[in-house]
Amino acid sequence: MKIAYLVATMPPLFWAGNFLIARMMRNEIPPIQMSFWRWLLAVVILVPFTWSPIRRDWSRIRSNLPFLVVLGAVGVTAFNCFIYTALHYTSVVNAALVNSLLPVVTVVLALVLLRQPVSLRRGLGILISLLGAALVIAHGNIASLGSLTVGRGDLLVFAGMSFWALYTVLIRRRPLGLHPLSLLGVTSLFGMLFHIPLILVEAGSAGLFLPGIRTWPAMLYFAVFPSILAYVFWNRSVAALGPATTGMFMHFMPVFSAALAAIFLGETLAWYHPVAFAIIIVGIVLATTQAGTAGKRNASGEPAASR
């Protein structure tokens, strides 16, 4: 279970880099095509690893095709298109703030769709970790959060984040016995295909985009880290910890974003970064210690191939 907690911290790290690079490349790559090329490359990279598992699981895939199509549409197409479009209109800071609401939305959806109760301890842990995320976003001055305005981009981030919360809850209902690579390969393929009609609309105003020397490094990062690795780690974390607990780890995104900005943009780390990190850790520990037993029980009931 301790490894599951470590694994759950990787997707926020990869997605923090995704936010940063997407914002930096917003004037060179149209948002829908940014998402499309990301997933097209991811599907191509995945083929050698997913071909055998998909062939072996084909009967199970075929019988669960509508569910897998929905996962691809929600977790790949909708989530990424909304986020990339949002980063054309809002800052990474505002996007991180809105995205930090993910654990709250995930808990609500888990309660409604999975009838997963929310204990007082878990609720308190969510609030504490959210406070840590807000501390980073507010640059150490929580009072400044009241001056942040909610614009078009922030609403788009909220829409994308809500789709990801839905994906996080739905993934808990994935077909038993379906290999993780089969799940990732099929949902990625459907998600990539759903971009095509959206590209036809976008091309009318933004033109068609083809990766070049300046954009290939960004596209490769998008394809490998926030796509393949992040989704594998996230799905495994949901299987082991549950959607509500896994969703809490998104509070690490503002911390990781600040660290990446310091490394790649030369920004300095301030006193509130380590403080916020400690607060987030406290919140996650508070929320997960009580849920640990339930998480193990739920995970143990699934075949080893699905972990």
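Residues numbered from 1 in each chain as written. Predicted model: local features only at pLDDT ≥ 70, side-chain atom pairs only at ≥ 80, totals over all residues. Heavy atoms only, no water.

## With respect to the pattern of salt bridges
A side chain of one charge can pair with a side chain of the opposite charge when the charged atoms of the two come close.
And step 1. Enumeration over the complete set of coordinates arrives at two salt bridges.
And step 2. Taking the shortest distance from any N to any O, the salt bridge between R214 and E28 comes out at 2.5 Å. One end of the pair, R214, is in the loop between α10 (195-206) and α11 (216-241); the other, E28, is in the loop between α1 (2-24) and α2 (31-56), with 186 residues separating them in the sequence.
And step 3. Across the pair R60 and D57 runs a salt bridge whose closest N-O atoms are separated by 4.0 Å. (Salt bridge = Lys/Arg side-chain N within 4 Å of Asp/Glu carboxyl O. Helix = DSSP H or I, 4+ residues; strand = E, 2+ residues; numbered from the N terminus.)

## Concerning helix α13 (residues 253-264)
Every α-helical turn comprises 3.6 residues, leaving residues that sit three or four positions apart pointing alike.
And step 1. The first and last C-alpha atoms of α13 sit 16 Å apart over twelve residues, in line with the 16 Å expected at 1.5 Å per residue.
And step 2. Inspection of α13 places M253, P254, V255, F256, S257, A258, L260 and A261 among the buried residues, and these make up the whole buried set.
And step 3. With its phi angle positive at about 75°, G266 sits one or two positions after the end of α13. (Expected span 1.5 Å × (residues − 1). Buried < 20%, exposed > 50% of the residue type's maximum accessible area, 1.4 Å probe, protein only.)

## Let's talk about the packing of aromatic side chains
And step 1. In the structure shown here, the tally under the stated rule is 22 aromatic pairs.
And step 2. Centroid distance Y221 to F225: 5.2 Å. Interplanar angle 20°. Geometry classified as stacked. With Y221 and F225 both in helix α11 and four residues apart, this pair spans about one turn of that helix.
And step 3. Since its relative accessible area comes to 19%, Y221 is described here as buried.
And step 4. Among the aromatic residues, those joined into a cluster by ring pairs are W15, W39, F79, W164, Y167, Y231 and W234.
And step 5. The ring of Y89 has R152 sitting right over it, with the charged end atom 4.2 Å from the ring centre. (Phe/Tyr/Trp six-rings, centres within 6.5 Å; stacked < 30°, edge-to-face > 60°. Lys NZ or Arg CZ within 6 Å of the ring centre and 35° of its normal.)

## Digging into the side chain of S129
And step 1. Looking at where S129 falls in the secondary structure, it is placed in helix α7 (residues 120-137).
And step 2. The contacts of S129, once residues within four sequence positions are left out, are M248, H251, I279, I280 and G283. (Contact = heavy atoms within 4.5 Å.)

## Focus on a nonpolar patch on the surface
And step 1. Among the surface-exposed residues, L101, V104, V108, L111, V112, L113, V118 and F158 lie close enough to one another that they form a single nonpolar patch of about 620 Å² accessible area.
And step 2. Considering the arrangement of structural elements, one finds L113 in helix α6 (residues 102-114). (Patch = residues over 30% accessible without salt bridge, like charges linked within 9 Å, V, L, I, M, F, W, Y side chains within 5 Å. Areas by Shrake-Rupley, 256 points an atom, 1.4 Å probe, with all protein chains shown as cover.)

## Description of α7
And step 1. Look at α7: 26 Å from first C-alpha to last across 18 residues, which is about the 26 Å you get at 1.5 Å a residue.
And step 2. Those residues of α7 that fall on the buried side of the exposure criterion are R122, G125, I126, S129, G132, A133, A134, L135, V136 and I137.
And step 3. Backbone geometry just after α7 places H139 at a positive phi near 55°.

## Description of the confidence of the model for the protein chain
Close reading of the predicted structure is inappropriate where its pLDDT is low.
And step 1. Residues of the protein chain with pLDDT of at least 70 account for 92%, and the chain-wide mean is 85.
And step 2. Averaged over each element, pLDDT in the protein chain is lowest for helix α14 (residues 272-300) (66) and highest for α2 (97).
And step 3. Scored below 50 in pLDDT, residues 291-307 shows 29 contacts in the model against residues more than four places distant or in partner chains. (pLDDT = per-residue confidence, 0-100.)

## Thoughts on the packing of helix α9 (residues 180-193) against α10
And step 1. Interhelical geometry of α9 versus α10 gives an angle of 25° and a closest axis separation of 5 Å. With respect to α10, the element α9 is oriented roughly parallel. Contact with α9, carried on its side by G191, M192 and L193, involves H195, I196 and P197 of α10 and no other residues of that element.
And step 2. Counted by class, the contact of α9 with α10 contains four nonpolar, two polar and no charged residues. (Axes fitted to C-alpha atoms, helices over the stretch in contact; angles between N-to-C directions. Parallel < 35°, antiparallel > 145°, perpendicular 65-115°, else oblique. Nonpolar A, V, L, I, M, F, W, Y, C, P; charged D, E, K, R; others polar.)

## Here's the deal with the nonpolar core
And step 1. One finds W15, W164, Y167, F222, Y231 and W234 to be the most contacted residues of the largest nonpolar core, which totals 59 residues.
And step 2. Mapped onto this core, the elements with two or more residues apiece are α1, α2, α4 (65-86), α5 (92-99), α6, α8 (152-170), α9 and α11.
And step 3. Once you skip the residues sitting within four places of it in the chain, Y231 turns out to touch W15, R38, W39, G75, V76, F79, N80, W164, Y167, L184 and P226.
And step 4. Counting residues in each nonpolar core, the second largest holds 23 residues, with I126, L135, F252 and V255 among its members. (Core = buried A, V, L, I, M, F, W, Y, C linked by side-chain atoms within 4.5 Å.)

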